[in-house]
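For reference, the chains in residue letters:
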Amino acid sequence: MTPEIISPSHEIPHDLRPTLAALCEVAAQLSRMIALGPLGGALDANVGSNTDGDIQKALDVIADASFVTALKDTGVRWYASEEKDDVIEINGDGTLALAIDPLDGSSNIDANVSIGTIFGIQPAADTGEETFLRDGTHLIASGYFIYGPQTLLAVTFGAGVRHFVLSPDTNTFIEAPRPDAIPETASEFAINASNYRHWSRPIRAYIDDCIAGAEGPRGRNFNMRWVASLVAETHRIMSRGGIFLYPSDGRDGYQHGRLRLVYECAPIAFLVEQAGGKATTGIHRILDITPDSLHARVPFVFGTAEKVDRVSVYHDLPDQEVSALFGDRGLFRA
Ligand SMILES: O=P(O)(O)OC[C@H]1O[C@](O)(COP(=O)(O)O)[C@@H](O)[C@@H]1O
Ligand SMILES: [Mg+2]
Ligand SMILES: [Mg+2]
């Protein structure tokens, strides 16, 4: 049964409804499959590798194939997925293009930790390449499904962010209240700290100053979170604030970070901006970046505007002043 989307407050844009309904239908199926875990088969089994060399899990491939099938009769012409080398044409008469990370947080499938789906929608241009190799200001909608204690859709159509929770009782996505904007109070940062030794000096200095806590230049204590599911970090930050960083680092293949611009960073950036936050590479606004390839990676920093701006200040400072941030005369000591 196709899940219905119940929206008491505002309507969903007419031309996007079939696409959104198809995404919700697959999300509800995936949610059931994920809830069954090992009872439904080995969803975490390695079944191959994608164009980036990432291991593909069974659930990555199932999710990708299910979205392609469900989108056939919607207005989607071009489909770009983390799990496919190239753009595919789904419906020659369609006027929309959809970029998708069908299953985000694959490394958590076996651990019963929240995982998700990320998508961005824009008008279709004449070719798939022409469509997706444009900057993120072309997005007309983006969102994520989080498969966690609740299955929830967060979506923007360019006028704020809306939340829909999948009711297990009725199999409908029902609109739920959400904060008007990302709360500014949280003192939480999210970064994979095991990569500390590979980071650039500004990123190390920013995190060092957070860790220094009340005795350091920031003059207050911070907490750290790292779920390793981008959707889960995004949902936490959208709900209670904070900052996320996946910077570039010195490891082979990480000179542009880990996350992909077209189907991870740009859709999340659109949502974050619609919730009053900022999303950058640490320096440049994500939505202004034109990808040079479908699977291009980009350093990714997002969260409350004040926190994201602060990261860019660390990049602006000459080396000796970044060091000064550690000391008593630190720039940020009150
Ligand atoms: O394992 P790392 O290096 O901390 O990376 C974690 C990041 O990788 C991702 O899992 C990448 O997404 P996929 O699972 O879709 O490949 C993000 O969800 C997460 O933020
Ligand atoms: Mg992902
Ligand atoms: Mg993925």
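Residues numbered from 1 in each chain as written. Chains lettered and ligands numbered in written order. Predicted model: local features only at pLDDT ≥ 70, side-chain atom pairs only at ≥ 80, totals over all residues. Heavy atoms only, no water.

- Named according to an unreviewed UniProt entry, the protein is Fructose-1,6-bisphosphatase class 1 originating from Celeribacter persicus.
- Per UniProt, the protein carries the Subcellular location (unreviewed entry) text "Cytoplasm". (UniProt positions renumbered as here; feature names shortened; annotations may be inferred.)

Quick notes on the sheet that holds strand β12 (residues 188–190)
For step 1, the next point in the chain: Pairing is mixed in the open sheet, where five strands are placed in the order β13-β12-β14-β16-β15. Of all strands in the sheet, those bounded by a partner on one side alone are β13 (223–224) and β15 (278–280).
For step 2, the next point in the chain: Pairing of β12 with strand β14 (residues 243–246), which is carried by two bridges, proceeds in the parallel orientation. For A190, the partnering residue across the bridge sits in β14 and is F244.
For step 3, the next point in the chain: With respect to the sheet, helix α4 (residues 201–211) is in contact with β12 and β14, its orientation differing from that of β14 by roughly 140°.
For step 4, the next point in the chain: Where helix α6 (residues 261–274) meets the sheet, it contacts β15 and β16 (300–303), and its direction lies at approximately 20° from that of β16. (Pairing = 2+ DSSP bridges. Helix = DSSP H or I, 4+ residues; strand = E, 2+ residues; numbered from the N terminus. Contact = heavy atoms within 4.5 Å. Axes fitted to C-alpha atoms, helices over the stretch in contact; angles between N-to-C directions.)

With respect to the coordination of the magnesium ion (ligand 2)
For step 1, the next point in the chain: Distances from the magnesium ion (ligand 2) to its protein donors, namely D101 (OD), D104 (OD) and E264 (OE), fall within the range 1.8 to 2.1 Å.
For step 2, the next point in the chain: Counting gaps between the donor residues of the magnesium ion (ligand 2) yields the pattern D-x2-D-x159-E. (Donors = N, O, S within 2.8 Å, 3.2 Å for Na, K, Ca; no water.)

Some words on the site of ligand 1
For step 1, the next point in the chain: Taken together, 16 residues sit near ligand 1, with D104, N192, L230, Y246 and R258 positioned nearest.
For step 2, the next point in the chain: Here an oxygen atom of ligand 1 and a side-chain polar atom of W226 are 3.1 Å apart.
For step 3, the next point in the chain: The contact in question runs from an oxygen atom of ligand 1 to an N or O atom on the backbone of L230, over 2.8 Å.
For step 4, the next point in the chain: When isolated, ligand 1 has an accessible area of 470 Å², and the protein chains bury 89% of it.
For step 5, the next point in the chain: No other element matches the three residues that strand β6 (residues 96–104) contributes to the shell around ligand 1.
For step 6, the next point in the chain: Along the lines of polarity and charge, the residues of the shell around ligand 1 split into six nonpolar, four polar and six charged. (Near = heavy atom within 4 Å. Polar contact = N/O pair within 3.5 Å; in protein donor to acceptor, adjacent residues only side chain to side chain. Areas by Shrake-Rupley, 256 points an atom, 1.4 Å probe, with all protein chains shown as cover. Nonpolar A, V, L, I, M, F, W, Y, C, P; charged D, E, K, R; others polar.)

Structural notes on the environment of F145
For step 1, the next point in the chain: Tracing the sequence through the fold places F145 in strand β8 (residues 141–147).
For step 2, the next point in the chain: A relative accessible area of 0% means that F145 is categorised as buried.
For step 3, the next point in the chain: With 106 residues separating them in the primary sequence, F145 and L39 have C-alpha atoms 22 Å apart.
For step 4, the next point in the chain: Those residues in contact with F145, other than ones at most four positions away along the chain, are L23, C24, A27, I115, G116, T117, F119, L152, L153, F173 and V231. (Buried < 20%, exposed > 50% of the residue type's maximum accessible area, 1.4 Å probe, protein only.)

Thoughts on the nonpolar core
For step 1, the next point in the chain: Among the nonpolar cores identified, the biggest contains 37 residues, and L23, F67, L71, L98, F119, F145 and F173 are the most heavily contacted of them.
For step 2, the next point in the chain: Mapped by element, the contributors of at least two residues to this core are α1 (17–36), α2 (58–70), β4 (76–81), β6, β7 (115–123), β8, β9 (151–156) and β10 (161–167).
For step 3, the next point in the chain: If one sorts the elements of this core by residue count, α1 sits on top with eight residues. (Core = buried A, V, L, I, M, F, W, Y, C linked by side-chain atoms within 4.5 Å.)

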